[in-house]
Amino acid sequence: MAKPLKVDEVWLNRIAGQLDDMEFGSLHIVVHEGQIVQMERTERKRFENTSSGNASKSGPRSSSARSVRGSNASAKG
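Enquirer: How do you make sense of helix H1 (residues 9-19) when you look at a structure like this?
Expert: For an α-helix the count is 3.6 residues per turn, leaving residues at separations of three or four pointing the same way. Every buried residue of H1 is listed here: Trp11, Ile15 and Gln18. One side of H1 carries all its buried residues, which in axial view fall inside an arc of 60 degrees. Tucked inside the fold, the buried residues of H1 contact strand E1 (25-32) and strand E2 (35-43). With a side-chain oxygen lying 3.3 Å from the backbone nitrogen of valine 10, the N-terminal cap of H1 falls on aspartate 8.

Structure follows, in structure tokens:
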């Protein structure tokens, strides 16, 4: 039987910190034996090319992406 997941205030703050200011992306949370042990953040930045050569932020139609990963320590008991 699986152990119940325990998410305390510290982990809730860590999760919120990883999601802070993310416009497009995902947060992958890895759980081992009922404990969060790792988080992977993938953030996408989307840009639209303009005729003047400057890039500006755009909506989800653009295809350019940049990946950012971070793990916020592991929780071991």
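Moving on from the coordinates now.
Enquirer: Would you explain the packing of aromatic side chains in this entry?
Expert: The description of two aromatic rings rests on the distance between their centres and on the angle between their planes. Under the criterion given, the structure shown has zero aromatic pairs. The ring of tryptophan 11 carries the charged tip of arginine 14 above its face, separated from the ring centre by 4.5 Å.

Enquirer: Would you take a moment to explain unusual backbone geometry for this structure?
Expert: Most peptide bonds take the trans form, and the phi angle of most residues other than glycine is negative. If you check the backbone angles, aspartate 21 has positive phi at about 65 degrees while not being a glycine. Relative to the helices and strands, aspartate 21 resides in the loop between H1 and E1. Aspartate 21 gets classed as exposed once you look at its relative accessible area, which sits at 66%. Phi is positive for glutamate 33, close to 50 degrees, though the residue is something other than glycine. Take glutamate 33: it is sitting in the loop between E1 and E2. We classify glutamate 33 as exposed; its relative accessible area is 56%.

Conventions we followed
- Residues numbered from 1 in each chain as written.
- Predicted model: local features only at pLDDT ≥ 70, side-chain atom pairs only at ≥ 80, totals over all residues.
- Heavy atoms only, no water.
- Buried < 20%, exposed > 50% of the residue type's maximum accessible area, 1.4 Å probe, protein only.
- Helix = DSSP H or I, 4+ residues; strand = E, 2+ residues; numbered from the N terminus.
- Arc of directions from axis to C-beta.
- Contact = heavy atoms within 4.5 Å.
- Polar contact = N/O pair within 3.5 Å; in protein donor to acceptor, adjacent residues only side chain to side chain.
- Phe/Tyr/Trp six-rings, centres within 6.5 Å; stacked < 30°, edge-to-face > 60°.
- Lys NZ or Arg CZ within 6 Å of the ring centre and 35° of its normal.

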